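Here are the chains, one letter per residue:
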Amino acid sequence: MAKNTFYAVCPLGTEELLAREIAACGGTDIRTARAGLTFSGSMETGMRACLTSRIASRILLRLGSSDYYDEEDIYNFACRTKWENHFGPSASIRVDVNAHRSPLHSLDFALLRIKDGICDRFMHFMNERPSVDRHNPQIRIFAYVDARYCTFYLDLCGEALFKRGWRADKGEAPLKENLAAALLQLAGWKPGMTLVDPFCGSGTIAIEAASIATNTAPGLARHFLFENFSNFDAELWENIREDAKAAVNRHAEVCIQASDISTIVVGKAMENARAAGLGPLIDSGAIRFLQCDARRVTAPEGAQPGLVIANPPYGEQSNPKSASVASMMKDVSDNLKHGFAGWTAWLLTSDRQLPRQMRLSESRKIPLFNGPLECRFFRFDLVSGSFRTQEKEGQAD
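Residues numbered from 1 in each chain as written. Predicted model: local features only at pLDDT ≥ 70, side-chain atom pairs only at ≥ 80, totals over all residues. Heavy atoms only, no water.

## Observations regarding the pattern of salt bridges
A side chain with one charge may pair with a side chain of the opposite charge, provided their charged atoms come close. The condition is simple: Salt-bridge detection follows one rule: a side-chain nitrogen of Lys or Arg within 4 Å of a carboxyl oxygen of Asp or Glu. The secondary structure listing takes helices from DSSP runs of H or I that are at least 4 residues long and strands from runs of E that are at least 2 residues long, numbered from the N terminus. Think of it in three bands: residues with accessible area under 20% of the maximum for their type are buried, residues over 50% are exposed, and the middle band is partly exposed, with areas taken using a 1.4 Å probe on protein chains only.
On inspection of all chains with the given rule, the structure shows 22 salt bridges. One salt bridge connects glutamate 44 with arginine 48, and the closest N-O pair in it is separated by 3.1 Å. Of this pair, glutamate 44 and arginine 48 both sit in helix H2 (residues 43–52), separated by four residues, roughly a single helical turn. With a relative accessible area of 30%, arginine 48 lands in the partly exposed category. Between aspartate 293 and arginine 296 there is a salt bridge, with its nearest N and O atoms 3.2 Å apart. By relative accessible area, aspartate 293 is classed as buried at 13%. Each member of the salt-bridge network shares a partner with another, and the members are Arg94, Asp96, Arg134 and Arg140.

## Overview of the side chain of arginine 164
The cut-off we apply is this: N or O atoms closer than or at 3.5 Å make up a polar contact, with two conditions inside protein: a donor-capable atom paired with an acceptor-capable one, and, for residues adjacent in sequence, both atoms drawn from side chains. The contact definition used throughout considers only heavy atoms, calling two residues in contact when any of these lie within 4.5 Å.
Counting through the fold element by element, arginine 164 comes out in the loop between strand S8 (149–155) and helix H5 (177–187). We classify arginine 164 as buried; its relative accessible area is 6%. At 2.9 Å, the side chain of arginine 164 forms a polar contact with the side chain of glutamate 208. With sequence-adjacent residues up to four places away left out, arginine 164 is seen in contact with Ser53, Arg54, Glu177, Asn178, Ala181, Glu208 and Pro218.

## Describing H5
Here H5 lies mainly inside the structure; ten of its eleven residues are buried. Residue glycine 188 follows H5 closely and has a positive phi angle near 80°.

## Considerations on the pairing of strand S14 (residues 364–370)
Using the following cut-off: DSSP calls a pair of strands paired once it identifies at least 2 bridges connecting them.
Relative to strand S15 (residues 373–381), S14 runs antiparallel, the two being bridged by seven bridges. Paired with arginine 364 across the strands is arginine 379, a residue of S15.

## Re the side chain of glutamate 15
Stated formally: Positive: Lys, Arg. Negative: Asp, Glu. His and the chain ends are not part of the count.
Looking at the element boundaries, glutamate 15 is found in helix H1 (residues 15–24). Buried and unpaired, glutamate 15 has arginine 34 as its nearest opposite-charge partner, separated by 6.9 Å. Other than its neighbours up to four places away in sequence, glutamate 15 contacts Cys10, Thr32, Ala33, Arg34, Ala35, Gly36 and Leu37.

## Some thoughts on H2
Burial within H2 is extensive, with seven of its ten residues counted as buried. Where H2 is concerned, the buried positions are Glu44, Thr45, Gly46, Met47, Ala49, Cys50 and Leu51. In this structure, the buried side of H2 is in contact with strand S1 (4–9), H1, strand S3 (36–41), strand S4 (58–67) and helix H7 (234–246).

## Remarks on unusual backbone geometry
At asparagine 215, a position not held by glycine, the phi torsion is positive, near 60°. Position of asparagine 215 among the secondary structure elements: in the loop between helix H6 (204–213) and H7. The phi torsion at arginine 359 lies on the positive side, around 55°, for a residue other than glycine.

## Concerning the packing of H2 against H7
Our working definition: To get an axis, a line is fitted to the C-alpha atoms, and for a helix only the part in contact is used. The angle between two axes follows their N-to-C directions and goes from 0 to 180 degrees. Take the far helix as your reference; a near helix turned counterclockwise from it by less than a right angle gives a left-handed crossing, and one turned clockwise gives a right-handed crossing. All residues other than Ala, Val, Leu, Ile, Met, Phe, Trp, Tyr, Cys, Pro, Asp, Glu, Lys and Arg, Gly among them, are scored as polar; the first ten of these are nonpolar and the last four charged.
Packing of H2 against H7 brings their axes to within 11 Å, and their N-to-C directions diverge by 35°. When the axes of H2 and H7 are compared, the crossing they make is right-handed. In this structure, H2 contributes Glu44, Met47, Arg48 and Leu51 to the contact, and H7 contributes Leu236, Trp237, Ile240 and Ala244. By residue class, the composition of the contact of H2 with H7 is six nonpolar, no polar and two charged.

Scope: geometric values only; no functional claims are made or implied.
Structure follows, in structure tokens:
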């Protein structure tokens, strides 16, 4: 099979996790960058990555790169590129341009010239041109322009890969599914371990964990733009999807508890879980969604100590709610120390003062980004009583 170069985008801080996924799909020559990586492989490798990657946000097929001086050079590059090898003139297209340190005065004009170059090439060779569709294109083209080079990519995905297809209501400040998957991996959660999320919101962490436990490929229920490529191998794709479907186990043994203070939010989380195909696990009690204040949450009855993984509210200093959030997290900490001794808690927050608020000492902190917010993923090893109290008791007066 022909070897291609791909670029995969991911949340900043999750590059090594993505590299392991891409290697499992057959990718080679993997080189991590900031919030992404490049890799080599066949189109089968790219299709498998779209279907199975839990960390990637988007996967792009690299078409070529050229140096440039101005927009006319980029237009000529678009005219030289063999778009017809990938799609025909009857396809609808969308072009997006991203730039870093580019000397161009107008990215909008560069985008226009790229579209002109694509259409002019098709008119020259086929006397027909693609139409432009900003909202639902059959082909999506990305141009990346830096200080010297312009690079063209074809999007394999369409909608971002973290959109698994189950989310009916995002709720307030939703955690993206691929970041939830990264939290589970970084925390070392495995399907046999008890998992509790006392700030479940729309249920993202619990649903992602259950999808991992049931071996449900994250892209199994969605369409991809590579299915519109002219060289798309429909039979190969059908075989890949059928293998993924056969691997799903909807009755996996898990112990997952997700709760939130709002009855409405918990109801929506349960709806999302059922939309994700997790109804059998809900009905059997393997996944439990509860209305409960995080300051009073208890461990699942009879469960072995496991992990608490959560994305609690952030107390930004400019936010008048920050004082109440800090007070709440102190109460949450007291409850965790009392009811979850022997467990490990992992909390994602943009508030660097969280350990101080909780009066706990973190045993690890991992820098991550939740969208534009720089965060820390703190690990707390839970024992009865406050670490700081214990430290003071062990010191001589």
